[in-house]
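Geometric and topological summary
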Amino acid sequence: MRYPTTGAACLQASLDVSPHAIGLVLICWLCLALSGCSTWQAPPAIDDTALRERAVTATHRDVQVSATVLSTEDNEKFFAANINDTGVQSVWVEVVNNSLHTLWLLQSGTDPDYFSPLEVAWSLHKPLSPGTNSKIDDHFDDLSFEGLVQPGETRTGILYTNPHHGTRILNIDLLGQRTIFPFTLFPPVPEDIDRDKSDEIAKLFADSEHNDYQDEAAFRLALEQLPCCASDTRGSITGDPINLVLIGEFADIGAALIRRGYRHIPQDQDQTQLVFNRPPDLVARKTGQGGVPANWLRVWIAPFRYQGQPVLLIQSGRPVGGRFRPADGGKPVLHPAIDETRSLVAQDLLYSGGLEKLGFVEGVNPVTTEQLFNHPGEFAYHSDGLRAVFFIITRPLSLSDVEILDWVPALERQVNEAAEENAQENTDTQQTQ
Amino acid sequence: MALTDSLKSAFVLLAITLTLTGCASKGPLPWLETTDYRERLQTQTEGGVRVSTSVLSASESQTLYGVPLARKGIQPVWIEVQNHDDTPYWFMSLGLDPYYIPASEAADAFTGNNVDTYHELTQHFQQLAFQNPVLPGATVSGFILTNLHEGVKMVEVDLVASGHLKTFSFLSEIPGFRADYGGKEHLEDTPDDVINYTDDAAFRAALEALPCCVSNKKGTRNGDPLNLVIIGGRDDAFPALVRRGWSPTEATYTGSVMKMINSVLSGERYPYSPISPLYLYGRPQDLALQKARDNVHQRNHLRLWLSPMRYHSQLVWVGQISRDIGTRLTIHSPYLTTHKIDPNVDTALLALIEDLIYSQHLSKIALVKGVGAAPRDAPRQNLTTDPYYTAGNRGVLFFDEHSTSLADIEFLPWEGSAGGMVKAASKDGNQ
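Residues numbered from 1 in each chain as written. Chains lettered and ligands numbered in written order. Predicted model: local features only at pLDDT ≥ 70, side-chain atom pairs only at ≥ 80, totals over all residues.

All right, on to unusual backbone geometry then. In this structure, proline 133 of chain B follows asparagine 132 of chain B across a cis peptide bond, with omega equal to -10 degrees. With respect to the helices and strands, proline 133 of chain B occurs in the loop between helix 5 (115-128) and strand 5 (139-147). At alanine 80 of chain A, a position not held by glycine, the phi torsion is positive, near 55 degrees. Structurally, alanine 80 of chain A is set in the loop between helix 4 (72-79) and strand 3 (89-97). At asparagine 277 of chain A, a residue that is not glycine, the phi angle is positive and equals roughly 60 degrees. On the neighbour-count criterion, asparagine 277 of chain A (8 C-beta atoms within 10 Å) is exposed. (Helix = DSSP H or I, 4+ residues; strand = E, 2+ residues; numbered from the N terminus. Buried ≥ 20, exposed ≤ 12 C-beta atoms within 10 Å, placed from the backbone.)

Here's what the structure looks like:
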């Protein structure tokens, strides 16, 4: 979260008016500081009609969830401040609970780094204004989504989260007694409405229904025959490799990624990577602690399905320099160690509770580190050439329930190599004896 | 003199050659055995799998990697897995540190724009790294690069196989650092007055009878509310905390205060900020943990005391959780700064429970009375005069060494706020 420097802003404003009258400026600044620069007044009334009209809604087992991302205008109406400026994206949520369960909305599932209402309020506090600050606290607290949703109850409130761009991938996990009601909704971000691709994505999913693989071997072959990498705008295969495949309902995949801290943040450099002659349909980024440069997942919806389930093709990557990259490091460049990033994503999915099965297929051109280092400029990465394939499900699973498929060429290869090494050692030993 | 220099150069060259020609990532590393970290090995065996670990000090990591890793906040952890089972295992680096540093990324921190250095260092780092998988009959060893922890580190080794998980947990002391950790001797001692509760009603009553709050050293003033009880230890609760990014804090001493002040001024993340001692059972916290979020303004603090209670022989920790939302000046701390805590301490408690719900080790949740209600319009104050309010319950978290899916977590019918979750949810039983 960014903290506004109210005093500094006031001082700057004062300096603009009278740059030479330092004493006057200081007195002015002190007065302004004492008065809080501008007095915050709670909005006279809160009307969520506009939010309801724009809301996206989903229903699952007698529970309905609706959500809207607040615009700058909504922010002003709700908070008498634009909290977008503090790096907080506020989301209006309504839960209609017609189930028999008392439900707990797990905010960590919506955003592992979510903000508490008083934390957002604190960022708006004015110096030496305890009365006003107390009002701000109460206002943010009252508007927040808190507490539990009892059977038969409808509850609304605001979640204070880190921002997504374009389309919000909103995961809502409602926990009950030995059960969970997971929801993933895709409300547009009002300030990015021109980048909202919901309709386009819905059409791609609908189109993919026409080519549904039922046979595992045929599907595996189809995955192996996909292009290794993205192409550029001239059609040359010079882009980054497609090294992940996710299979599952889009909402479940979104939930698994969001629970692990990924956010929808497309950037300009993503648009140069083309698969199926189009830039990524979505781009998820996971930022490390301290806001360091993020790892990315560029996602394309495949024109086919597997046993009725959507298939997503993904470039996973992280920038050269990673968290040690200087702030002015320019445009991020793919780090050649792409298998490390693949491993990171695999582990994230394992811990997400959404992974059912994991396998690997060929499909990325293998490049050794020696090739990379000895032929500068010829290769952009080094890799064992495998694509990781993940099957994502709705029902949460623990780590010990994940099945590792036997279509693991990497493992087969290593087991065979180990067996050959052992056999060679035995032969050597016998010859020595 | 010239001869000696030549010999030194030859030795260095030989060492680099040996390093770069492999053998380092799998099996024993003979040239590494001259350093001390191997003498601190901790080993556990479960079934056919044996795991050994050791955490490197700053000087040890510089010797092995040839660059000052600690200055970049990087700490190697050595892991060795011997697999005598008939299934391959994969070691999960994210379980050891959710923000671990892949070998090539760590190498990036030291290579700059020099291509030769880049190749050499990257290969060196890769060869020292732990390489998955651990095949049946194999022994694999290597280093995982984690974020620097000072004093003590919780080392969590999750080994995943198809339809199967093995978990090993270690508490490792790191030479050269101090931390808010009472010392292993203290924690592993079994005092004479331990009561092992096997009856839920009696245990609940004992938890309700705990003091409301922590106190100052003399025990004359109450501080933050004791709003948390953790049931579990090294094999269940600690792994859950580590997986979610919680780590032991650095002790409050002048060095850490200076580092925190620098962090505040620069706005950068500093993984530690001093955590002041609070008192229960006549002693400061046995374990202080924190989870940094975006920067120094945003972190959660957790203080735990090992109680003389046991629940079905599991350890029972009593503690206090608070959520920092900023820093402020104070005259109630000798350091003149303190964390501004979220006054709604129930929010901080819920955030912790939610966080641990996703750890896969939390099996049951309950609430008990004992803190005492402090309404928003009549808040209480902690020892640094921060106001707080609460409904008055403490969260009780039961951990299990076997992983539990989100959909299997149970709420005990103990306490809840009016019409609250635990009480109401329990009516539904296992529906």
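Next, the rest of the story.
Quick look at the sheet that holds strand 1 (residues 56-60) of chain A now. Residues and elements named next belong to chain A. Reading across the sheet, the four strands line up as 1-2-3-6 and stay open at both edges, with antiparallel pairing between neighbours. The strands lining the two open edges of the sheet, one partner per strand, are strand 1 and strand 6 (154-161). Each adjacent strand pair in this sheet contributes to an overall mean axis angle of 20 degrees, direction not counted. As defined by bridge partners, strand 2 (residues 63-69) adjoins strand 3 across seven bridges and the pair is classed as antiparallel. Residue pairing across strands places serine 66 opposite glutamate 94, the latter belonging to strand 3. (Pairing = 2+ DSSP bridges. Axes fitted to C-alpha atoms, helices over the stretch in contact; angles between N-to-C directions.)

Moving on, we come to the sheet that holds strand 5 of chain B. Residues and elements named next belong to chain B. As summarised here, the arrangement of the four strands in space is 1-2-3-5, forming an open sheet in which the pairing is antiparallel. Strands with a single pairing partner mark the edges of an open sheet, and in this sheet they are strand 1 (42-46) and strand 5. Ignoring strand direction, the axes of neighbouring strands in this sheet form an average angle of 20 degrees. One ladder, built from seven bridges, connects strand 2 (residues 49-55) with strand 3 (residues 74-83); its direction is antiparallel. Residue pairing in the sheet places arginine 50 in a bridge with glutamine 82 of strand 3.

Before going further, it helps to examine the environment of leucine 175 of chain A. Inspection of the secondary structure assignment puts leucine 175 of chain A in strand 7 (residues 170-176). Residues leucine 175 of chain A and lysine 331 of chain A, spaced 156 residues apart in sequence, show a C-alpha to C-alpha distance of 41 Å. Setting aside its immediate chain neighbours within four residues, leucine 175 of chain A contacts Leu103, Trp104, Leu106 and Ile180 of chain A together with Ile357, Leu406 and Ile409 of chain B. (Contact = placed C-beta atoms within 7 Å.)

What follows deals with the domain arrangement of chain B. Residue and element names in this part refer to chain B. Domains assigned within chain B are domain 1 (25-173) and domain 2 (184-427). Contact residues are listed per partner, giving 16 residues for domain 1 and 16 residues for domain 2. Elements with a minimum of two residues in the side of domain 1 that touches domain 2: strand 6 (152-161) and strand 7 (164-173). Residue contributions to the side of domain 1 that touches domain 2 peak at four residues, all from strand 7. Along the lines of polarity and charge, the residues of the side of domain 1 that touches domain 2 split into seven nonpolar, seven polar and two charged. (Domains from an automatic or database assignment. Nonpolar A, V, L, I, M, F, W, Y, C, P; charged D, E, K, R; others polar.)

Bringing the nonpolar core into the picture now. Of all hydrophobic cores here, the largest spans 209 residues; its most connected members are Leu103, Leu174 and Phe390 of chain A together with Phe91, Val160, Val229 and Leu397 of chain B. Counting residues per element, this core draws most heavily on helix 10 (residues 345-357) of chain B, which supplies nine residues. (Core = buried A, V, L, I, M, F, W, Y, C linked by C-beta atoms within 7 Å.)

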